[in-house]
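Structure at a glance
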Amino acid sequence: MEVLKNKKTLQDFIERQKEMGKKIGFAPTMGALHNGHLSLYEVAREENDLVVSSIFVNPTQFNNAEDLEKYPRNIDRDILILKNSGLVDAVYIPEVQDIYPEKAESQHYDFDGLEDEMEGKSRPGHFDGVGTVVEELFRQVKPDNAYFGEKDFQQLAIIKKMVEKKKLPIKIKGVPIYRAKNGLALSSRNQRLHEDRREASKIIYETLKKVNDWFRVVTIPEIKNRVTDIFDHQQGMKLEYFLIADETTLKETDFFYKDKQYRAFIVVVVDGVRLIDNIHLD
């Protein structure tokens, strides 16, 4: 596996691969790798000649300086995980100046309102930061296909919208959420929880499965009341939000329409660690 530590090294590598006509699959990360990330590379391995990873903790998508500071980093461990997986041909580990040559600040994007829903309400500017770093990585790596987990479903929708608007020649592919045995969606932030708290946090996915059972049987206001009641009785957990939204527009709904697809979204803060999850409602 090639370890590419600056933009010039990456560009030389990509140019050689393109000259050989290789199809490139790419999944960017912020490190602190786990099996959820590897599930992206498993799909990419099947569909491409070459698989590229990147590790870059993007400063412009953090609203909270403390959250940026606390974000887990262990490059040596991450490189070892990628090497041992046998799924990745190259990993790009840029410096800040490789992504932001002048100043680490975001471009402004219009994502047709997707950025104003859910996470956008509590994290202003977050998706401008996501769009900026992903667009720059796309322009440097030049992938044919790019892979993102459905755990960050809003982010996936926004990246699809950016590629559409910028007319980038890249196919964006969502990969199903990778879960621990107890159902908890894998996340780099989970590493900040004690093992017993990770086990207790399985209530998040258990609740989403109940929501799917209640879907179209119980009214949405009643579903929201039931979810709120569940987390009112969980020690050390705070329900930040729960909602049901149209999968296309991400707009919250209080009523089910037969011709639309819906997804339930939840954010729970467990011992100060913010956990997100979602489920398609069928």
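See above for the structure.
Report follows, based on the coordinates.

1. A word on empty space enclosed by the protein
With the rule as written, the count across this model stands at one cavity of 30 Å³ or more. Together, Lys-151, Leu-184, Ala-185, Ser-187, Asn-190, Ile-204, Leu-275, Ile-276 and Asp-277 line the largest cavity. Residues that form the lining of the largest cavity fall into these classes: five nonpolar, two polar and two charged.

2. Here's the deal with the sheet that holds strand β4 (residues 90–92)
Reading across the sheet, the six strands line up as β1-β4-β3-β2-β5-β6 and stay open at both edges, with parallel pairing between neighbours. With one partner strand each, in any of the chains shown, β1 (2–4) and β6 (171–175) form the two edges of the open sheet. Averaged over all neighbouring strand pairs, the angle between strand axes comes to 25°, with direction disregarded. With five bridges connecting them, strand β5 (residues 145–149) and β6 associate as parallel partners. Within β6, the residue paired with Tyr-147 across the bridge is Lys-173. Most of the contacts of helix α8 (residues 153–166) go to β6, to which it runs at about 170°, and overall it touches β5 and β6.

The rules behind the values
- Residue indices begin from 1 for each chain and proceed along its sequence in written order.
- Per-residue local features of the predicted model are confined to residues with pLDDT of at least 70, and side-chain atom pairs are confined, for both listing and counting, to 80 or more; whole-chain, interface and lining totals are unaffected and use all residues.
- Water and hydrogen atoms play no part in the side-chain values, which are based on all heavy atoms of the structure.
- Of the two site types, the cavity is a set of points on a 1 Å grid over the protein atoms alone where a 1.4 Å probe fits but cannot get out, and the pocket is an open set with protein on both sides within 12 Å along at least five of seven lines, each lined by residues with an atom within 4 Å of a point.
- Grid points are joined across faces, edges and corners, and a volume is the space filled by probe spheres set on the points.
- Classification used: nonpolar for Ala, Val, Leu, Ile, Met, Phe, Trp, Tyr, Cys and Pro, charged for Asp, Glu, Lys and Arg, polar for all others including Gly.
- Following DSSP output, two strands are said to pair if at least two bridges run between them.
- Per the convention used, a helix needs a DSSP run of H or I reaching at least four residues, while a strand needs a run of E reaching at least two, with both numbered from the N terminus.
- Under this scheme, a helix contributes an axis fitted over its contacting stretch, all axes are lines through C-alpha atoms, and angles between N-to-C directions fall in the 0 to 180 degree range.
- Here, two residues are considered to be in contact whenever any of their heavy atoms come within 4.5 Å of each other.

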